[in-house]
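Reading the structure
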Amino acid sequence: MKLVYVFDAYCGWSYGFAPTLSEVVRRHPGLDVEVVSGGLFTGPRRVPVREFGHVQGANAKISELTGVSFGAGYARLIADGSFVMDSEAAARGVAALRQAAPHRIVELVAALQSAFYADGMSLSDPATYRAVAEAAGLAPHGVAEAFAAPGSATAAKAGFERTAALGVRSFPTLLAVQADRTMAVAVGHATADEVEQRMDALTATH
């Protein structure tokens, strides 16, 4: 079985889902997990955060359901409403981190989302990727260079295209792939136990 995790680093529900995915991976060492950046805030949706009036209410709901915390640094970053969430930049960062440590990508994207939602670090800033890389024991300069390199932009575009090809329109979406069957085992919110039950059901019915 393989999991395909379609998320966006600037998606609060994806941030809330990170502990669930981490727990699923912890329970299944060696499980193949493909992480795909979905492109939530691109094109006409790349606007100042003040234009998304539902953010604070959504964050409160995410905290209530998942237990994640939105930090003071994040609150300061978005306080005046001018911050722009750019999913293309975030996807380039995910690609750079994947390049540095592909087998740790679930851990790294969780750290990246924490850098934004807890510490208030912009995912358009190369310094954010240096900090995440350094904390993970990776080469900070190399990750920052990869973030700015053309290959990461190509990877970001490929991720958006893969999201469309999978028919995913809601983030996060976790897909389980067993031979020729694909099933959504989580959309938005689920516990690790719920994900496992759905994974087991897919295996049992194959």
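Scoring rules and cut-offs
- Residues numbered from 1 in each chain as written.
- Predicted model: local features only at pLDDT ≥ 70, side-chain atom pairs only at ≥ 80, totals over all residues.
- Heavy atoms only, no water.
- Buried < 20%, exposed > 50% of the residue type's maximum accessible area, 1.4 Å probe, protein only.
- Helix = DSSP H or I, 4+ residues; strand = E, 2+ residues; numbered from the N terminus.
- Pairing = 2+ DSSP bridges.
- Right-handed = clockwise from strand over helix to strand, strands pointing away.
- 1 Å grid on protein atoms, 1.4 Å probe; cavity = no way out; pocket = protein on both sides within 12 Å on 5 of 7 lines; lining within 4 Å.
- Points joined across faces, edges and corners; volume = space filled by probe spheres on them.
- Nonpolar A, V, L, I, M, F, W, Y, C, P; charged D, E, K, R; others polar.
- Salt bridge = Lys/Arg side-chain N within 4 Å of Asp/Glu carboxyl O.
- Axes fitted to C-alpha atoms, helices over the stretch in contact; angles between N-to-C directions.
- Polar contact = N/O pair within 3.5 Å; in protein donor to acceptor, adjacent residues only side chain to side chain.
- Contact = heavy atoms within 4.5 Å.

For strand 1 (residues 2-7), a buried count of 5 out of 6 residues is recorded, marking the element as mostly surrounded by other parts of the structure. The pairing of strand 1 with strand 2 (residues 32-37) spans 6 bridges and is classified as parallel. Looking across to strand 2, one finds that V6 is bridged to V36. Following the backbone out of strand 1, through helix 1 (residues 12-27) and into the adjacent parallel strand 2, one traces a crossover that is right-handed.

To find the voids left in a structure, one rolls a probe of water-molecule size over its atoms. Each pocket or cavity is described by its volume, and for the largest pocket that value is around 500 Å³. Taken together, 25 residues form the lining of the largest pocket, with V33, V35, P102, I105 and V106 sitting closest to its centre. In terms of residues, the lining of the largest pocket owes the most to one element, strand 2, which gives 6 residues. Of the residues in the lining of the largest pocket, the class split is 14 nonpolar, 5 polar and 6 charged. The space that makes up the second largest pocket amounts to roughly 270 Å³. Lining the second largest pocket we find 18 residues, and of these Y10, C11, G12, F41 and H54 sit closest to its centre.

Sheet analysis places strand 3 (residues 173-178) next to strand 4 (residues 181-187), joined by 6 bridges and oriented antiparallel. The residue of strand 4 that forms the bridge with L174 is A186. What sits between strand 3 and strand 4 in their antiparallel hairpin is a turn of 2 residues, with A179 showing a positive phi close to 55°.

This brings us to the pattern of salt bridges. One pass over the full model with this rule turns up 9 salt bridges. The residue K2 makes a salt bridge to E34 at a minimum N-O spacing of 3.0 Å. Here K2 is found in strand 1, whereas its partner E34 is found in strand 2, with 32 residues between them in sequence. When its relative accessible area of 27% is taken as the criterion, K2 is described as partly exposed. Two residues, R162 and E34, come together in a salt bridge whose shortest N-O distance is 2.6 Å. Of the two residues, R162 sits in helix 8 (residues 150-166) while E34 sits in strand 2, which places them 128 residues apart along the sequence. Three or more residues joined by partner-sharing salt bridges are found here, namely E23, R26, R27, D193 and E196.

Our next topic: empty space enclosed by the protein. Within this structure, the stated rule accounts for 1 cavity of 30 Å³ or more. Considering only enclosed or pocket space, the largest cavity measures out at about 40 Å³ in volume. Contributing to the lining of the largest cavity are Y5, S14, A18, L21, S22, V106, V109, A110 and Q113. Those elements that place two or more of their residues in the lining of the largest cavity are helix 1 and helix 5 (105-117). Counted by class, the lining of the largest cavity contains 6 nonpolar, 3 polar and no charged residues.

On to the sheet that holds strand 3. A sheet is described by the order of its strands in space; here 4 strands give the open sequence 2-1-3-4, paired in mixed fashion. Each edge of the sheet is formed by a strand with only one pairing partner; in this case those strands are strand 2 and strand 4. Neighbouring strand axes in the sheet, compared pairwise and without regard to direction, differ in orientation by 20° on average. As judged from the 5 bridges shared by strand 1 and strand 3, these two strands associate in the antiparallel manner. Along strand 3, the bridge assignment pairs K2 with V177.

Take the side chain of S14 next. Summarising the element assignment, S14 is placed in helix 1. A polar atom in the side chain of S14 sits 3.4 Å from the backbone nitrogen of D8. Residue contacts for S14: discarding those within four places in its chain leaves Y5, F7, D8, Q113, F171 and P172.

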